[in-house]
Amino acid sequence: MRRWLQGAVQASWWSWGEATLITALALLSGFYLNPEDPFFVREHFPWTWFAPVLVALRYGMAPGLFSTALIVITFAMTQSPDLHTVQLPKMYFLGGLILTMLCGEYGTLWTDRIRRARQLSDYAEERLEQLSRAYYMTRLSHDRMEQNLISKPVTLRGALGELRGLLARQGARLDPENAQRFLGLLAHYCSLQSAALYLLDDGHPAGTPVARIGQGAELAHDDALLRRCLEDGATTYHAVNELDADTRSRYLVAAPLRVSDGRLLGVLLVEDMPFLALHRETLQILSVLLGYFADEMHASAMAAGLLQRFPDCPPRFAAEVLKLARLHRELGIDSALVALFARPHPRRNDILLQIQRMQRGLDYLWRTRRQDTAIVVTLMPFSGQSAVEGYVARLDSALRQDFGIAFGDGPLSVQSSLLSDTDPERLLRELLESAHAH
């Protein structure tokens, strides 16, 4: 019964409409091809039951039973105007009902599996893009720091960290102040001279830019570069845009402000930059910075409530906790939180660095403190209790080998919890409060 109700809730209006249409076509075909026995009750094969079987396989139990009910009602109405006197062929309808229920159970099961696999794939793809951006940004920051240590003593990661803190403090709004600081960062690293950042309003750039550099960039809605950028969701520039010979664009570059899940938040239009700066590396830097900033802003906005309760929590960590908690509620996908508590010790910083170095590719880390206890909270997506035990055992083995310290003795202890139907804020609070018990 629970699966039937779940199928009825998940079925969309389109599925109910298609179930009605398929059933009606099957019934009309029966009346047209075999008017003497339109329901094929006395034939070698009951062809009418193809309709509820197909509906059940495609949309699940509830639409399949709905299709069966339509057939029963139509049969009764065609036999006698008085429904109380109708004699139904019991074995015919019983067999069709059982077949439809079996197909509905099979269809619902595989729909759930496909939906679960799609959610896992989408999450992994989004995380891979975030990791790619973070890796490229780190490599770029290291290279630029080596090249410009004296003339430009600022690292890219440090500048973006400052912007992330600014977003967290001001509620993750892309207001003129935040946008202007970000655009200044882009100008610094990508040599922009005249550019403007426009936010999207109902899929189209707003008429007024939220920030500009130099003379800015006036909005031209019919510009070829801008249209291509909005259609493809990718950075476009004149040299490789395959424009016609008579086509002109007032922009050198049009780059999207795009979150990892594909949503477009805005577009950067560049009218002027040095000729020697317009090359592939600069465009890659521009795309990575825009994507990183969009992810940070989206994460801060998504997790605003959680960040108010835990101000030192990284926005990405908070946003992923909420996202994985939703996946657990909707699909039953397990994820875990592991908190490592380190009390004062001469080599505590080295131990914490070792723990951070052993982070898995999909994991998120949050390093915080409660009184004199340092805490490293690890969010482990798609991990059940066995994965948590393996992770803790691997850490324990490495710490024993490198520092001669194990969990449970000395300054180190560990606490874990699976994401459940409990509110994520309450779960994090209980996990951090357990620091006093360790």
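Nothing here was measured: the structure is a model prediction, and the numbers come from that model.

Calculation rules
- Residues numbered from 1 in each chain as written.
- Predicted model: local features only at pLDDT ≥ 70, side-chain atom pairs only at ≥ 80, totals over all residues.
- Heavy atoms only, no water.
- Salt bridge = Lys/Arg side-chain N within 4 Å of Asp/Glu carboxyl O.
- Helix = DSSP H or I, 4+ residues; strand = E, 2+ residues; numbered from the N terminus.
- Buried < 20%, exposed > 50% of the residue type's maximum accessible area, 1.4 Å probe, protein only.
- Phe/Tyr/Trp six-rings, centres within 6.5 Å; stacked < 30°, edge-to-face > 60°.
- Lys NZ or Arg CZ within 6 Å of the ring centre and 35° of its normal.
- pLDDT = per-residue confidence, 0-100.
- Contact = heavy atoms within 4.5 Å.
- Core = buried A, V, L, I, M, F, W, Y, C linked by side-chain atoms within 4.5 Å.
- Axes fitted to C-alpha atoms, helices over the stretch in contact; angles between N-to-C directions.
- Parallel < 35°, antiparallel > 145°, perpendicular 65-115°, else oblique.
- Left-handed = near helix turned anticlockwise from the far one by under 90°.
- Arc of directions from axis to C-beta.

## Quick look at the pattern of salt bridges
- A complete count under the given rule lists four salt bridges for this structure.
- For glutamate 271, the salt bridge is made with arginine 250, and the minimal N-O distance between the two is 2.9 Å. On the criterion of sequence distance, the pair formed by glutamate 271 in strand 6 (residues 264–272) and arginine 250 in the loop between strand 4 (236–237) and strand 5 (253–258) is long-range, its members being 21 residues apart.
- Residue classification places glutamate 271 among the partly exposed residues on the basis of a relative accessible area of 23%.
- Residue class for arginine 250 comes out partly exposed when judged on its relative accessible area of 40%.
- With its nearest N and O atoms 2.8 Å apart, the salt bridge here joins arginine 400 to aspartate 396. On the criterion of helical spacing, the pair formed by arginine 400 and aspartate 396 is a turn pair, its members being four residues apart in helix 13 (residues 385–403).
- Its relative accessible area of 15% is what places aspartate 396 among the buried residues.

## Things to note about the packing of aromatic side chains
- The tally for this structure, following the rule as stated, stands at 13 aromatic pairs.
- Taking the centre distance of 5.7 Å and the plane angle of 55° together, the rings of tryptophan 49 and tyrosine 92 count as tilted. Of this pair, tryptophan 49 sits in the loop between helix 2 (13–33) and helix 3 (50–59) while tyrosine 92 sits in helix 5 (residues 90–147), placing them 43 residues apart in sequence. Just as tryptophan 49 is buried, tyrosine 92 falls in that class too.
- Plain terms: the ring middles of tyrosine 92 and phenylalanine 93 are 5.0 Å apart, the flat faces sit at 85° to each other, and that makes the pair edge-to-face.
- Accessibility expressed as a relative area gives 12% for tyrosine 92, which makes it buried.
- For phenylalanine 93, a relative accessible area of 9% corresponds to the buried category.
- Taken together, Phe31, Phe39, Trp49, Phe75, Tyr92 and Phe93 form an aromatic cluster joined through their ring pairs.
- Against the face of tryptophan 110 rests arginine 113, its NZ or CZ located 4.9 Å from the ring centre.

## Describing the environment of alanine 62
- In this fold, alanine 62 is placed in helix 4 (residues 61–79).
- Residue classification places alanine 62 among the buried positions, given a relative accessible area of 14%.
- In this structure, the C-alpha to C-alpha distance between alanine 62 and tryptophan 16, residues 46 residues apart in sequence, is 9.2 Å.

## A short note on unusual backbone geometry
- Not every positive phi belongs to a glycine, and phenylalanine 40 is a case in point at roughly 55°.
- Considering the arrangement of structural elements, one finds phenylalanine 40 in the loop between helix 2 and helix 3.
- Despite not being glycine, glutamine 371 shows a phi value in the positive range, around 55°.
- Residue glutamine 371 is classed as exposed on the basis of its relative accessible area, which comes to 64%.

## Here's the deal with the confidence of the model for the chain
- Mean pLDDT over the chain works out to 78, with 83% of the residues at or above the 70 mark.
- Mean pLDDT across the elements of the chain ranges from a minimum in helix 1 (residues 2–10), with 47, to a maximum in helix 3, with 88.
- Counting interchain partners and residues more than four positions distant, the pLDDT-below-50 stretch residues 1–10 has 13 contacts.

## Digging into the nonpolar core
- Membership of the largest hydrophobic core comes to 34 residues, with the highest contact counts inside it found for Leu186, Leu192, Val253, Leu268, Val270, Leu286 and Leu290.
- For this core, the elements supplying multiple residues, two or more each, are helix 7 (176–190), strand 1 (194–201), strand 3 (211–213), strand 5, strand 6 and helix 9 (280–302).
- If you tally residues by element for this core, the top one is helix 9, at nine residues.
- Among residues more than four places away in sequence, those in contact with leucine 286 are Leu186, Cys190, Leu192, Val253, Ala255 and Leu268.
- One finds Leu306, Ile333, Leu428 and Leu432 within the second-largest nonpolar core, a separate group that totals 28 residues.

## Focus on the packing of helix 3 against helix 4
- Closest axis-to-axis distance for the helix 3/helix 4 pair is 7 Å, and the angle between their directions is 165°. Taken together, the axes of helix 3 and helix 4 are roughly antiparallel relative to one another. For the pair helix 3 and helix 4, the crossing hand works out as right-handed. Facing helix 3, whose interface residues are Ala51, Pro52, Val55, Ala56 and Tyr59, helix 4 presents Met61, Pro63, Gly64, Ser67, Thr68 and Ile71.

## As for helix 14 (residues 424–433)
- Turning to helix 14, its buried residues number three or more, namely Pro424, Leu427, Leu428, Leu431 and Leu432. Mapping the buried residues of helix 14 onto a view down its axis gives an arc of 125°, with all of them on the same face.
- Tucked into the core, helix 14 has its buried residues touching helix 10 (304–309), helix 11 (315–331), strand 7 (336–342), strand 8 (364–370), strand 9 (373–380) and strand 10 (412–418).

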